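One-letter residues, chain by chain:
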Amino acid sequence: MIAMSASWEKIRGNRALVVSAVILIVTAAAAMIGPLISPHDYLSTNFEEMLRAPTMADMRIFGTDDLGRDLFVRTMLGIRVTLIVAIIASIVSLVIGVAYGAIAGYFGGRVDAVMMRLVDTLYAMPFIFFVILLMVVFERNFLLIFVAIGAINWLDMARIVRGQTLSLREREFVDAARLTGVSSARIIARHIAPNLAGVVVVYVTLTIPQAILVESFLSFLGLGIQEPQTSLGALVDAGVNQIERASWTLLIPATLLAMILLCFNFLGDGLRDLLDARQTR
Amino acid sequence: MLRYTLLRLLGAIPTLLLVIVLAFLLVHAAPGGPFDDERVLPPEIAANIAAYYHLDETLPQQFWRYLSGVVRGDFGPSYRYRDHTVSQLIGSAFPLSLKIGALSMLLAVIVGVGAGIVAALRQNTVADRVVMTVAMTGISIPIFVVAPVLVLLFAVKLHWLPAGWSGNAGYARLLLPVVSLALPQIAYIARLTRASLIDVLGSDFVRTAKAQGLGIVAIVRFHALKPALLPVLSFMGPAIAAVLTGSVVVEEVFGIPGLGQFFVRGALNRDYTLVLGIVIFYAALIIVLNLIVDVLYGVIDPRIRHR
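All of these numbers come straight from a predicted model, not from anything done at the bench.

1. Structural notes on the overall build of chain B
Turning to step 1, where the next piece is worked out: Summing up its helical and strand segments, chain B has 13 helices and 0 strands in all.
Turning to step 2, where the next piece is worked out: In chain B, the succession of helices and strands from N to C terminus is α-α-α-α-α-α-α-α-α-α-α-α-α.
Turning to step 3, where the next piece is worked out: Dimensions of chain B, computed from the C-alpha atoms along their principal axes, are close to 85 × 55 × 30 Å.
Turning to step 4, where the next piece is worked out: Relative to its full complement of 307 residues, chain B shows a buried share of 46%.
Turning to step 5, where the next piece is worked out: Partitioning the intrachain contacts of chain B with sequence separation of at least 6 by distance along the chain shows that 73% fall at a separation of at least 24.
Turning to step 6, where the next piece is worked out: Total accessible area computed for chain B in this model is approximately 15400 Å², and 66% of it derives from carbon and sulfur atoms.
Turning to step 7, where the next piece is worked out: With 23 positive and 16 negative side-chain charges, chain B shows a spacing of 16 Å between the two charge centroids.

Right under this line is the structure:
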């Protein structure tokens, strides 16, 4: 009976995982292809078609905004920007987190203690406010968004990687490498890092929604992506200003943002469950 | 207990110092001065302003001046709100933010724990599924989506509640901000309560209580709830940080003249001293509240206290 319910849970979890993955792939594909198919572009204003409600006519399927710009194209562009920022930011946090965690875990002892104490101290800091400060000081530099978000998210990654490395370094193949005179840097890069792949992949899928959240939070406050470029957060912000006249300008980007976040969370959870199952077997 | 509290308090000082140093350096690394975007000033006036704000001193001198001010609760003058000091601005805006934050934390704990208990006792039933699905959705959807959608629904479409802050009075205008701020925390707390209560209900002392013929309500009320709420208590630290961050969004959406709105305005106006002051204030607040949570944890759980 327990085995039955366990497998049922697993299938159910997997179904959420599969559905989420499909939705994300379709959304990403639409964001890439959509603007190419549409006769409109993201930039042109049209004062005869301001705040036009969604309609199938003229391919205005998401309507237009207060400047008469096509919201379908802008939303697809926004998804692109949101996803690209999130993925690059996750790669930044992955590189920093894996390097930091693997070094701390591999050397252990005092090095580990000092490095992890630093992580603990940084954990206590209100990072989001620092990111805002960073955006204020450096004039909302687009490149900085990646660095800033990546710099927040590496802490968790470092902790997880360190934990894995602590157990990996006791394994025979690491001893063997050490005995044959391989340098520490090379052991970490060639023997430890590849074995961290599973955990890291799962963790990255959980980092992406966090990065999306930070980016859209900044853009919502007007501190992220700047006009005429856009992201889902910026579109939600613009929609809030039209809330009484044109609710679709809020609801469409808001729904898509919520959907993308939900899918990434389900994907991450599902992958983690699968990985856990394999580890306990 | 006192020793532990003092040790933790001492431990918080380096963190706070790091926050101040980093924030200060960041602001002073800014390209251009705070008055650069205005019309070109005659050199004498520019020098005067620089002297007034001590911008002509070396960086360590400025830092030392700032730090000794901060220790005395003085964050210096605001660069934009000319007649006010940063401390005055924080002092005038914070009580409102505190009220909204405290109310939403209260709401989050009551509703979250309640929903979590229901879900745990009705494990794997429809009620449980509903609570958990709603919770997963609540965790995934950011507050800057939740708040405007609630406004759209309850203020713009249904006209049940006021949409904004100014021009309205009483508790009705508090309701939407407080609920939007509480929703994500309700979701987390419900999930945490459910998981930990299920865990506790499977333990030996609960089985003993059951064997003695105690009803499930009495078991939860007198035996299981207290240990089950420990993870919820330790979640209070991150929850407080999240409510603070969320208050920035909520105050922006509802036009509430709280600290969060000052922060965003300051950020958009590049009012460096105001933003710097609020970052340090928020950091200190989070660190102190986390400390209180940790100390409380020790009070409630004797296993921690004697370590």
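2. Description of empty space enclosed by the protein
Residue and element names in this part refer to chain B.
Turning to step 1, where the next piece is worked out: Under the counting rule described, the total for this entry stands at 1 cavity of 30 Å³ or more.
Turning to step 2, where the next piece is worked out: Computed from the structure, the largest cavity encloses a volume of approximately 30 Å³.
Turning to step 3, where the next piece is worked out: Lining the largest cavity are Ser97, Ile100, Gly101, Leu181, Ser247, Val250, Glu251 and Ile256.
Turning to step 4, where the next piece is worked out: Looking at the lining of the largest cavity, the elements that each hand over two or more residues are α4 (86-121) and α10 (230-254).
Turning to step 5, where the next piece is worked out: Across the lining of the largest cavity, the residue classes break down as 4 nonpolar, 3 polar and 1 charged.

3. Considering helix α3 (residues 59-71) of chain B
Residues and elements named next belong to chain B.
Turning to step 1, where the next piece is worked out: Taking 1.5 Å of rise per residue, the 13 residues of α3 would be expected to cover 18 Å, and the 18 Å separating its terminal C-alpha atoms lies within 8% of that figure.
Turning to step 2, where the next piece is worked out: Regarding α3, the residues found buried are Gln62, Phe63, Tyr66, Leu67, Gly69 and Val70. Along the axis of α3, the buried residues cluster in a sector spanning 160°; they form a single face. Looking at α3, the residues exposed on the side facing more than 90 degrees away from the buried face are Pro60, Trp64 and Val71.
Turning to step 3, where the next piece is worked out: Contacts made by the buried residues of α3 are with α1 (2-28) and α12 (272-300).
Turning to step 4, where the next piece is worked out: Following α3 by one or two positions, Gly73 adopts a phi angle in the positive range, close to 80°.

4. So, the environment of B:Pro162
Turning to step 1, where the next piece is worked out: Tracing the sequence through the fold places B:Pro162 in the loop between α6 (143-157) and α7 (172-201).
Turning to step 2, where the next piece is worked out: With 11 residues separating them along the chain, B:Pro162 and B:Arg173 place their C-alpha atoms 5.8 Å apart.

5. With respect to the interface of chain A and chain B
Turning to step 1, where the next piece is worked out: Opposite the 40 residues of chain A that make contact, chain B presents 45 residues.
Turning to step 2, where the next piece is worked out: Approximately 3600 Å² of surface area, both sides summed, lies buried where chain A meets chain B, with 82% of it carried by carbon and sulfur atoms.
Turning to step 3, where the next piece is worked out: Summed over the three residues of chain A that lose the most area to chain B, namely A:Phe129, A:Leu133 and A:Val137, the buried surface amounts to 17% of that side.
Turning to step 4, where the next piece is worked out: For the pair chain A and chain B, the interface holds 0 salt bridges.
Turning to step 5, where the next piece is worked out: Applying the counting rule to chain A against chain B returns 1 residue pair in polar contact (both at pLDDT 80 or more).
Turning to step 6, where the next piece is worked out: Looking at the side of chain A that touches chain B, the elements that each hand over two or more residues are α1 (2-37), α3 (109-123), α4 (127-137), α8 (197-220), α9 (232-241) and α10 (248-280) of chain A.
Turning to step 7, where the next piece is worked out: In the side of chain A that touches chain B, the residues fall into 29 nonpolar, 5 polar and 6 charged.

6. Some details on the side chain of A:Arg60
All names here are of chain A.
Turning to step 1, where the next piece is worked out: Inspection of the secondary structure puts Arg60 in the loop between α1 and α2 (71-107).
Turning to step 2, where the next piece is worked out: Relative accessible area serves as the criterion here: at 4%, Arg60 is assigned to the buried category.
Turning to step 3, where the next piece is worked out: Polar side-chain contacts of Arg60 include one of 3.0 Å to the side chain of Asp70.
Turning to step 4, where the next piece is worked out: Residue contacts for Arg60: discarding those within four places in its chain leaves His40, Asn46, Glu49, Arg52, Ala53, Pro54, Thr55, Gly68 and Asp70.

7. Considerations on the packing of α2(A) against α3(A)
All names here are of chain A.
Turning to step 1, where the next piece is worked out: In contact at an axis separation of 7 Å, α2 and α3 are set at 145° when each is read in the N-to-C sense. The hand of the α2/α3 crossing is left-handed. For the pair α2 and α3, the contacting residues are Tyr100, Ile103, Ala104, Gly105 and Phe107 in the first and Gly109, Val111, Asp112, Met115, Met116, Leu118 and Val119 in the second.
Turning to step 2, where the next piece is worked out: Here the contact of α2 with α3 is built from residues that sort into 9 nonpolar, 2 polar and 1 charged.

8. Structural notes on the pattern of salt bridges
Residue and element names in this part refer to chain A.
Turning to step 1, where the next piece is worked out: Here the structure, examined in full by the defined rule, presents 10 salt bridges over all chains.
Turning to step 2, where the next piece is worked out: One salt bridge connects Glu170 with Arg169, and the closest N-O pair in it is separated by 3.4 Å.
Turning to step 3, where the next piece is worked out: According to the relative accessible area criterion, Arg169 is partly exposed, its value standing at 22%.
Turning to step 4, where the next piece is worked out: The structure contains a network of salt bridges with shared partners spanning Asp65, Arg69, Arg74 and Glu227.

9. Some points on the packing of aromatic side chains
Residues and elements named next belong to chain B.
Turning to step 1, where the next piece is worked out: This model, assessed by the stated rule, comprises 12 aromatic pairs over all chains.
Turning to step 2, where the next piece is worked out: Note on Phe24 and Phe63: the rings are 5.0 Å apart at their centroids and 70° apart in plane angle, and the pair reads as edge-to-face. With Phe24 in helix α1 and Phe63 in helix α3, this pair connects stretches of sequence that are 39 residues apart. Assigned by exposure class, Phe24 and Phe63 land together as buried.

10. Details of the environment of A:Val131
All names here are of chain A.
Turning to step 1, where the next piece is worked out: Looking at the element boundaries, Val131 is found in helix α4.
Turning to step 2, where the next piece is worked out: Residues Val131 and Leu218, spaced 87 residues apart in sequence, show a C-alpha to C-alpha distance of 8.6 Å.
Turning to step 3, where the next piece is worked out: Beyond its immediate chain neighbours, meaning those up to four positions away, Val131 contacts Ala148, Ile152 and Leu218.

11. Notes on a nonpolar patch on the surface
Residues and elements named next belong to chain B.
Turning to step 1, where the next piece is worked out: A contiguous nonpolar patch, built from Met1, Tyr4, Val288, Ile292, Leu296, Val299 and Ile300 and spanning about 550 Å² of accessible area, is present on the exposed surface.
Turning to step 2, where the next piece is worked out: No other element matches α12, which puts 5 residues into the nonpolar patch.
Turning to step 3, where the next piece is worked out: Positionally, Val299 belongs in helix α12.

Rules and cut-offs
Residues numbered from 1 in each chain as written. Chains lettered and ligands numbered in written order. Predicted model: local features only at pLDDT ≥ 70, side-chain atom pairs only at ≥ 80, totals over all residues. Heavy atoms only, no water. Helix = DSSP H or I, 4+ residues; strand = E, 2+ residues; numbered from the N terminus. Buried < 20%, exposed > 50% of the residue type's maximum accessible area, 1.4 Å probe, protein only. Contact = heavy atoms within 4.5 Å. Areas by Shrake-Rupley, 256 points an atom, 1.4 Å probe, with all protein chains shown as cover. Lys, Arg positive; Asp, Glu negative; His and termini not counted. Charge placed at Lys NZ, Arg CZ, Asp CG, Glu CD. 1 Å grid on protein atoms, 1.4 Å probe; cavity = no way out; pocket = protein on both sides within 12 Å on 5 of 7 lines; lining within 4 Å. Points joined across faces, edges and corners; volume = space filled by probe spheres on them. Nonpolar A, V, L, I, M, F, W, Y, C, P; charged D, E, K, R; others polar. Expected span 1.5 Å × (residues − 1). Arc of directions from axis to C-beta. Buried area = accessible area lost by both parts, 1.4 Å probe. Salt bridge = Lys/Arg side-chain N within 4 Å of Asp/Glu carboxyl O. Polar contact = N/O pair within 3.5 Å; in protein donor to acceptor, adjacent residues only side chain to side chain. Axes fitted to C-alpha atoms, helices over the stretch in contact; angles between N-to-C directions. Left-handed = near helix turned anticlockwise from the far one by under 90°. Phe/Tyr/Trp six-rings, centres within 6.5 Å; stacked < 30°, edge-to-face > 60°. Patch = residues over 30% accessible without salt bridge, like charges linked within 9 Å, V, L, I, M, F, W, Y side chains within 5 Å.

Read these as geometric descriptors, not functional statements.
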